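# Residue-level structural notes
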Amino acid sequence: MSLVKLRDLRVTFRTRDRTVHAVNGVDLDLAAGETLCILGESGSGKSVTLRALMRLLPRFAEVQGTVEVAGQDVTRMSESALTDLRGRDVAMIFQEPMTAMDPVFTIGQQIAETVRRHERVSRADAEARALELLELVQIPSAKRRLAAYPHELSGGLRQRAMIAVALACRPKLLLADEPTTALDATVQIQVLLLLRELQQRFNMGVIFVTHDLGVAGEIADRVAVMYAGRVVEEGPVSGLMSGPLHPYAQGLLGATVHPGMRGKRLTTIPGAPPALDKEPTACAFAPRCDRAHEPCLADVPSLREPVAGRRARCVLVPDQTAWCVSEALSPAP
Amino acid sequence: MDALPPSADRGGPAQPLLRLDGLVKHFPLKGGLLGRTQAVVRAVDGVGFDVRKGETLGIVGESGCGKSTTARLLMRLLDPDSGTMVFDGEAVGGNAQSGGLPLRAYRRQVQMVFQDSYASLNPRLPIEDSVAFAPKVHGLGNAEAVRRARDMLAAVGLAPANFARRYPHELSGGQRQRVNIARALALRPRLVILDEPVSALDKSVEAQVLNLLVDLKEEFGLTYVFISHDLNVVQYISDRVLVMYLGEVTEIGPVERIYERPAHPYTAALLASRPSMDPSNRRTAPPLTGDPPNPVNPPSGCRFRTRCPHAEAVCAERKPIMADLGVGHAAACHIANPGSGHSLAEKVAA
């Protein structure tokens, strides 16, 4: 049984001024112990998808579709069932630990609070558990840090402390919303390696939202690339990195500066992502795609499986076999 | 006749466009009942380097290393506590009596682009007026300044007919950053300081802006100082790279040398911290542990020694000098300096 099952997830934000179709039909599965990266640019719907898994969206968000986590339908849960789920089975870490943690409680109190909310343990046991967790996330002088407030820690330690809070009840599923984006390079790699180690040790399912291909390359088993509220390509990370199928994924890889590109002109994706005031009725990427033609504008392309284990939402990607992949990759005539 | 033409070159190609020496900027931290200075943030602590004519000098480092303070000192948005700045042979900040280059004339030749494209534009001015503002301040007539603004908007790829009368909130992040670039170029500067100009942009837009910067440099004969925390972007765009750590220069040199044969352990660690783009060849151990220390109380001697895998007693005792490694490559590390007393230094010399 899969740990996460999303079917035709749609999220629409309606306010008096405008309507935004943030997520327009996302299907995703996650197996236990698997790491999935949702890769996309700002406004692609990646964070909204993640939040829908824990029902952390504002009231004016309309959520449709199936959201199942660990066999439970999240969309129909009562508030009290939800608070039982959050922190116990599913935990989330955020980009900004300073705003995600409570500034007036110590790190130790915040971890112990989570433990005591979900398990019948004494205060002393919960505190002992907090210490264990700080050691687990490799915070130096953990004992002293239990009594520290979030503002007393450096950015990297604060992020580790937030991971400790998230892991307090050994969740089956960890949701990570760009947790390393605000960190310095030498600290980012430490936190990524820590997350990878903890994921393997506890065999957690992880959904990791990022805009950074390099981060996905370090941590993901599978990657789902989102554009304008839909998954446009999905498959194992190695396939995406070596031969993306969808023109948007190809453009993204070509536009990401990596070593060895010096002196060459960067390939760019012209234009900008669409405003999502209306739900796209054709391929949302067509206006920026140099290979777009009539079928692209007729309907929303379906998410097909042109190569075993890989899915792409593009009419141009031919079905099956390896030579077709290289064909799809070759530049436009 | 072109009113407000680009400034002429003075000292010839061999003279550095900008020469900084011993630049210091400390920020006092005030606190307590009487608002006394309790501590000092040593944001920039004795920084010196040259910016050569026509080059792109990349500056990299982590948060708190002083790269943005350096940018603000270069632009003279901050006054240095001490140190000298010489622009094409003239001391910056002089007046009619003392000689040197008055700030107003300096700023005509040096412009800046900031990371936050929205905060750096006036939300109540159509972008055309924002771009025309500086030329007007520098004496161009109204019609002339607007014409200049429209030319610059066209040069950065924003068709004036469509965009000139729009307000910043009507533009995307990438378009706004183009406006900021147009505004910086409206005075026909010789040096442009780019402080994380693409960091807030999405990848597909980042590539567009980087290509634009390369084109504009060629078209207008510019010199860039490009500040970024993204090592891949710096490698792509720079001719020379300067690495900073806790307010000091740790290494400087040609881009290929820095990326292929870094001499400072900090540079090596920074480079090894980049995520690998190859899932079959992932990083296994982090090159450094811990965060960069607080610049309030930097470590004695070499400031990197608390995180350095090769630190020895000498590193705490003496501050390393910049060791010249040839081809314009220099590093502030005892290991790179034979005779420094570090056990690894002799091996390098041999």
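Residues numbered from 1 in each chain as written. Chains lettered and ligands numbered in written order. Predicted model: local features only at pLDDT ≥ 70, side-chain atom pairs only at ≥ 80, totals over all residues.

- Going by an unreviewed UniProt entry, chain B carries the name Glutathione import ATP-binding protein GsiA and comes from Sabulicella glaciei.
- As stated in UniProt under Function (unreviewed entry), the record for chain B gives "Part of the ABC transporter complex GsiABCD involved in glutathione import. Responsible for energy coupling to the transport system." (UniProt positions renumbered as here; feature names shortened; annotations may be inferred.)

- As annotated in an unreviewed UniProt entry, chain A carries the name ABC transporter ATP-binding protein and is attributed to Sabulicella glaciei.
- Recorded in UniProt under Sequence similarities (unreviewed entry), the annotation for chain A is "Belongs to the ABC transporter superfamily."

### Some remarks on the interface of chain B and chain A
- The interface is formed by 37 residues belonging to chain B together with 37 residues belonging to chain A.
- Secondary structure elements with two or more residues in the side of chain B that touches chain A: α7 (203-220), α8 (231-237) and α10 (265-272) of chain B.
- Take the side of chain B that touches chain A: its biggest share by element is eight residues, from α7 of chain B.
- Partitioning the side of chain B that touches chain A into residue classes produces 15 nonpolar, 13 polar and nine charged. (Contact = placed C-beta atoms within 7 Å. Helix = DSSP H or I, 4+ residues; strand = E, 2+ residues; numbered from the N terminus. Nonpolar A, V, L, I, M, F, W, Y, C, P; charged D, E, K, R; others polar.)

### As for the sheet that holds strand β7 (residues 173-177) of chain A
Residues and elements named next belong to chain A.
- Taken in spatial order, the eight strands of this open sheet run β6-β7-β8-β3-β9-β10-β12-β11, and their pairing is mixed. What marks the edges here is a single partner per strand, and that holds for β6 (90-93) and β11 (304-307). Within this sheet the neighbouring strands show an average axis-to-axis angle of 25°, counted without direction.
- The pairing of strand β10 (residues 230-236) with strand β12 (residues 310-312) spans two bridges and is classified as antiparallel. Of the residues in β12, the one forming a bridge with Glu 233 is Ala 312.
- Packing against the sheet, helix α7 (residues 155-166) makes contact with β6 and β7, and its axis sits at approximately 170° to β6. (Pairing = 2+ DSSP bridges. Axes fitted to C-alpha atoms, helices over the stretch in contact; angles between N-to-C directions.)

### Quick notes on the environment of Met 98 of chain A
Residues and elements named next belong to chain A.
- If you trace the backbone, Met 98 turns up in helix α3 (residues 97-100).
- The partly exposed category is assigned to Met 98, around which 15 C-beta atoms lie within 10 Å.
- Between the alpha carbons of Met 98 and Leu 53 there is a distance of 23 Å; along the sequence they are 45 residues apart. (Buried ≥ 20, exposed ≤ 12 C-beta atoms within 10 Å, placed from the backbone.)

### Focus: the nonpolar core
- Counting 193 residues, the largest nonpolar core has Ala 164 and Val 225 of chain A together with Val 225 of chain B as its most contacted members.
- A total of seven residues in this core trace back to one element, the largest contributor, which is α7 of chain A.
- Leaving out residues up to four positions away in the same chain, Val 225 of chain B has contacts with Val 51, Leu 57, Ile 59, Leu 74, Leu 191, Ile 193 and Leu 194 of chain B. (Core = buried A, V, L, I, M, F, W, Y, C linked by C-beta atoms within 7 Å.)

### A short note on helix α1 (residues 67-74) of chain B
Residues and elements named next belong to chain B.
- Burial runs high along α1: six of the eight residues are buried.
- Every buried residue belonging to α1 is among Lys 67, Thr 69, Thr 70, Ala 71, Leu 73 and Leu 74, and all of these are buried.
- Remark: Arg 76 follows α1 within two positions and exhibits a positive phi of approximately 60°.

### Quick look at α7 of chain A
Residues and elements named next belong to chain A.
- Along its 12 residues, α7 runs 17 Å from first to last C-alpha, staying within 8% of the 16 Å computed at 1.5 Å per residue.
- Among the 12 residues in α7, 11 count as buried, and that is most of the element.
- Of all the residues in α7, the buried ones are Gly 156, Leu 157, Arg 158, Gln 159, Arg 160, Ala 161, Met 162, Ile 163, Ala 164, Val 165 and Ala 166. (Expected span 1.5 Å × (residues − 1).)

### Some words on the sheet that holds strand β5 (residues 90-91) of chain B
All names here are of chain B.
- Pairing within the open sheet is antiparallel, and its four strands lie in the order β2-β1-β4-β5. Taken across any chain shown, the strands that pair with only one partner, and hence form the sheet edges, are β2 (36-51) and β5.
- Relative to β5, strand β4 (residues 82-87) is paired through two bridges, and the arrangement is antiparallel. Among the inter-strand pairings, Val 86 is bridged to a residue of β5, identified as Ala 91.

### Let's talk about the domain arrangement of chain A
Residue and element names in this part refer to chain A.
- By the assigned domains, chain A splits into domain 1 (1-89 + 171-258) and domain 2 (103-169).
- Here domain 1 and domain 2 have C-alpha centroids that lie 25 Å from each other.
- The partner domain 2 presents 11 residues to the 12 residues of domain 1 that form the contact.
- Of all the elements, helix α8 (residues 185-202) adds the most residues to the side of domain 1 that touches domain 2, at five residues.
- For the side of domain 1 that touches domain 2, the class distribution of residues is nine nonpolar, two polar and one charged. (Domains from an automatic or database assignment.)

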